[in-house]
Amino acid sequence: MRLNHLKTLAIAAAISAALPSLHAATIRAPAELPARQTVADIIKASTPADWRALDPANTLYMDIAAGRIVIELAPEFAPKHVANIKALVAERYYDGLAITRAQDNWVAQWGDPDEKNPKPIQHAQRTLPGEFTVPMKTISSFTRLKDVDGYAPQVGHSNGFPSARDPKSGTAWLTHCYATVGVGRDVGSDSGGGTELYAVIGQSPRHLDRDITVVGRVVSGMPLLATLPRGAAPMGFYDSPDKNVPIASVRLAASLPVEQRVQMEVMRTDSAAYQALLEAQRNRGGPWSKVQAGHLDLCNAPIPVREVGK
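Here is what the cut-offs are and how they apply
Residue positions are given per chain, counting from 1 as you read along its sequence in written order. Selection of residues for local features in this predicted model requires a pLDDT of at least 70, selection of side-chain atom pairs for listing and counting requires 80 or more, and totals for whole chains, interfaces and linings are taken over all residues. Values reported for side chains reflect all heavy atoms of the structure, with hydrogen atoms and water molecules removed beforehand. In this text, helices come from DSSP runs of H or I with a minimum length of four residues, and strands from runs of E with a minimum of two, each type numbered from the N-terminal end. In this treatment the radius of gyration is a C-alpha quantity, and the globule benchmark scales as 2.2 Å times the residue count to the 0.38 power. With a 1.4 Å probe rolled over the protein chains alone, any residue whose accessible area is under 20% of its type maximum counts as buried; one over 50% counts as exposed, and the rest are partly exposed. Throughout, a contact is declared for two residues whenever any of their heavy atoms are within 4.5 Å. The Shrake-Rupley method, run with a 1.4 Å probe sphere, supplies the accessible areas, and residue values consider only the shown protein chains as cover. Charged residues are defined here as Lys and Arg on the positive side and Asp and Glu on the negative side; His and the ends of the chain fall outside this count. Throughout, a charge is located at the NZ atom of Lys, the CZ atom of Arg, the CG atom of Asp or the CD atom of Glu. Think of it this way: a Phe, Tyr or Trp ring, Trp meaning its six-membered ring, pairs with another when their centres are within 6.5 Å, and the plane angle makes it stacked under 30 degrees, edge-to-face over 60, tilted otherwise. Here, over-ring charges are defined by two tests on the NZ atom of lysine or the CZ atom of arginine: distance to the ring centre within 6 Å, and angle to the ring normal within 35 degrees. Only buried residues count toward a nonpolar core, which is a set of Ala, Val, Leu, Ile, Met, Phe, Trp, Tyr and Cys residues joined through side-chain atoms within 4.5 Å. In short, DSSP must find at least two bridges between two strands for them to pair. Under this scheme, a helix contributes an axis fitted over its contacting stretch, all axes are lines through C-alpha atoms, and angles between N-to-C directions fall in the 0 to 180 degree range. Salt bridges are identified by distance alone: a Lys or Arg side-chain nitrogen within 4 Å of an Asp or Glu carboxyl oxygen. The disulfide criterion is simple: two cysteine sulfur atoms within 2.5 Å. Take the residue count of a helix, subtract one, and multiply by 1.5 Å to get its expected span. Arc definition: it is the arc formed by the directions from the helix axis to the C-beta atoms.

*Asks:* Could you give an account of the overall build of the chain, naming the residues involved and the relevant values?
*Replies:* For the chain, the count of helices and strands is 5 helices and 16 strands. For the chain, whose C-alpha radius of gyration is 26 Å, the value lies well above the compact-globule estimate of 19 Å for 310 residues. With respect to the three principal axes, the spread of C-alpha positions in the chain is 100 × 45 × 45 Å. Taken over 310 residues, the chain has a buried fraction of 47%. Within the chain, residue pairs in contact and separated by at least 24 positions form 72% of the contacts whose partners lie at least 6 positions apart. In the form shown here, the chain has an accessible surface area of approximately 16300 Å², with 57% of it arising from carbon and sulfur atoms. Put simply, the chain has 33 plus and 30 minus side-chain charges, and the middle of one group is 8 Å from the middle of the other.

*Asks:* Quick rundown of the packing of aromatic side chains? Include the residues and the values.
*Replies:* Here the structure, examined in full by the defined rule, presents 1 aromatic pair. With a centroid separation of 5.4 Å and 80 degrees between ring planes, the pair formed by Tyr 93 and Tyr 94 is classed as edge-to-face. This pair shows no difference in class: Tyr 93 is buried, exactly as Tyr 94 is. Cation over ring: Arg 210 sits above Trp 173, and NZ or CZ is 4.1 Å from the ring centre.

*Asks:* So what's going on with the nonpolar core? Which residues, and what values?
*Replies:* Within the largest apolar cluster, 36 residues are counted, with the highest numbers of intra-cluster contacts made by Tyr 94, Trp 110, Val 218 and Leu 225. Grouped together as the second largest cluster of nonpolar side chains are 27 residues, Ala 164, Trp 173, Met 264 and Val 266 included.

*Asks:* Which residues make up the pairing of strand S15 (residues 264-267), and what are the values?
*Replies:* Residues Met 264 and Val 266 point to one face of S15 and Glu 265 and Met 267 to the other, with burial holding for every one of them. Two strands pair when backbone bridges link them, and strand S1 (residues 51-53) and S15 are joined in this way by 3 bridges, in the antiparallel orientation. By the bridge assignment for S15, Ala 53 is matched with Glu 265.

*Asks:* Can you break down the sheet that holds strand S2 (residues 59-64) residue by residue, with the values?
*Replies:* Pairing is antiparallel around the closed barrel formed by 8 strands, whose spatial order is S2-S3-S13-S11-S12-S5-S4-S14. Strand-to-strand twist across the sheet, computed as the mean angle between neighbouring axes with direction ignored, equals 35 degrees. Helix H3 (residues 79-90) rests against S2, strand S3 (67-73), strand S11 (180-183), strand S12 (197-200), strand S13 (214-220) and strand S14 (245-252) of the sheet, and its axis sits at about 110 degrees to S14.

*Asks:* Explain unusual backbone geometry to me, and be specific about the residues and the numbers.
*Replies:* For the peptide bond that leads from Gly 286 to Pro 287, omega is 5 degrees, which places it in the cis range. Its place among the elements puts Pro 287 in the loop between helix H5 (272-282) and strand S16 (305-307). Phi angles above zero are rare outside glycine, and Asn 105 is one such case at about 60 degrees. Turning to its location among the elements, Asn 105 is positioned in the loop between strand S4 (98-102) and strand S5 (107-111). A relative accessible area of 43% means that Asn 105 is categorised as partly exposed. The phi dihedral of Ala 179 falls on the positive side, at around 85 degrees, and the residue is not glycine. Tracing the backbone through its elements, the reader meets Ala 179 in the loop between strand S10 (171-174) and S11. Judged by its relative accessible area of 5%, Ala 179 falls in the buried class.

*Asks:* Describe in detail the pattern of salt bridges, supporting the description with residues and values.
*Replies:* Applying the stated criterion across every chain yields a total of 13 salt bridges. For Arg 282, the salt bridge is made with Glu 279, and the minimal N-O distance between the two is 2.7 Å. Of this pair, Arg 282 and Glu 279 are both found in helix H5, 3 residues apart, which corresponds to roughly one turn of the helix. Under the relative-accessibility criterion, Glu 279 is labelled partly exposed at 22%. When salt bridges that share partners are traced, they join Arg 36, Lys 146, Asp 147, Glu 279 and Arg 282 into one network.

*Asks:* Describe the state of the cysteines, listing the residues and the values that go with them.
*Replies:* Working definition: the covalent bond between the sulfur atoms of two cysteines is a disulfide. The final tally for this structure, using the stated rule, is 1 disulfide. Here Cys 177 connects covalently by a disulfide to Cys 299, the sulfurs 2.0 Å from one another. Disulfide Cys 177-Cys 299: torsion about the S-S bond near -70 degrees, hence left-handed. You can see Cys 177 sitting in the loop between S10 and S11 and its partner Cys 299 sitting in the loop between H5 and S16, a full 122 residues away along the chain.

*Asks:* Could you give an account of H3, naming the residues involved and the relevant values?
*Replies:* The terminal C-alpha atoms of H3 lie 16 Å apart, and with 12 residues this matches the ideal 16 Å at 1.5 Å per residue to within 8%. Here H3 has its buried residues at His 81, Val 82, Asn 84, Ile 85, Leu 88 and Val 89. What you see down the axis of H3 is that its buried residues fit within an arc of 160 degrees, all on one side. Looking at H3, the residues exposed on the side facing more than 90 degrees away from the buried face are Lys 80 and Ala 90. Turning to H3, the residues buried within the fold contact S2, S3, S11, S12, S13 and S14. Arg 92, located one to two residues past H3, shows a positive phi value of around 60 degrees.

Right under this line is the structure:
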C-alpha cells in the first residue's frame, strides 16, 4: 500500500511539473484585430447627400446663460404635442421659466417653478391626451437595426430619431435614449401638454418608452444640460429657487431671420454612410480594440451633427 502511495505521489508531481508548459502550449494571445474605418473616417469621407439640414419649422433654440440648446422636434410621432409646444413658444410661455430639476443619471427638466401660481397660458393648451405611440403607417421612414433589442420587436431610426415599432400592434414610438426630449406629466396619461419638458442626461431609461410622450431630441448643447449641478431635493429637484437655472428665451428657428439661425446638419440615418458608421461601432477594428462586440445598442448609435461652415 505504501509503495502504491509513493507511485501516486510521483505521478502527481510529474503532472504538476508539466502543467506550466502544457498551459503555455495551449493558450495563445488573441490575434490582433485588423484596422477598420473609424467613425471619424466615415464622417470625413461622407458626401453632402449623406446629410440633411434641420428644418427651421421644427427646430427650437432654448437659450440659458451658459449658451444655446438646440432641439429638433418630431411631429410625426407627437403631432398634437409638437403643435402645442410651438404655440407655447409663440406666446413666449417658456421665457423666464427655469430648469428646475437635474437628477443624476436621469433627466434635466424645465418648466414653471411656481406650481401654486402658474404662468398663464394665452392660446395653447395646458394638457393633452398622451401620444405614447402612433400608427406605423404614419411614419414616413424607418431604417431597422439588425441587432436584437430587449424592449421592442424592432428598433432603428426614423428620420434621424431613435425609434421602435411593433408590427403585431402596428404601432411605432420614439425611444428614451440620451438627449431624448419628453413631456413631463402627472399620473394621468392626459396630464401633460408640453409646459414641462425634460431631456435624458443619463443611462437610457428605455422602460419609460410608451409611457411618456416623446417630442424630439437635443441635437446641440447637451453638455449644458448634462453638467448641471444635481438637485438635492427628492427626484433631483432644486431645493431653493436661487438654484434654478433661468431660461432666457425659447424660439422657433423659423421665426428668426436666417442670419440669426444656427445652420446645422444631421447625418441621414437612411444613408450608406450612417450604416457604415453603425458597423464601425458594432465591430471596431484594431489595434486598440482587442475584442469585437458584434452587437450595437440602439441608444449607443451616435447620430452625427455638424454646424455648417465650421
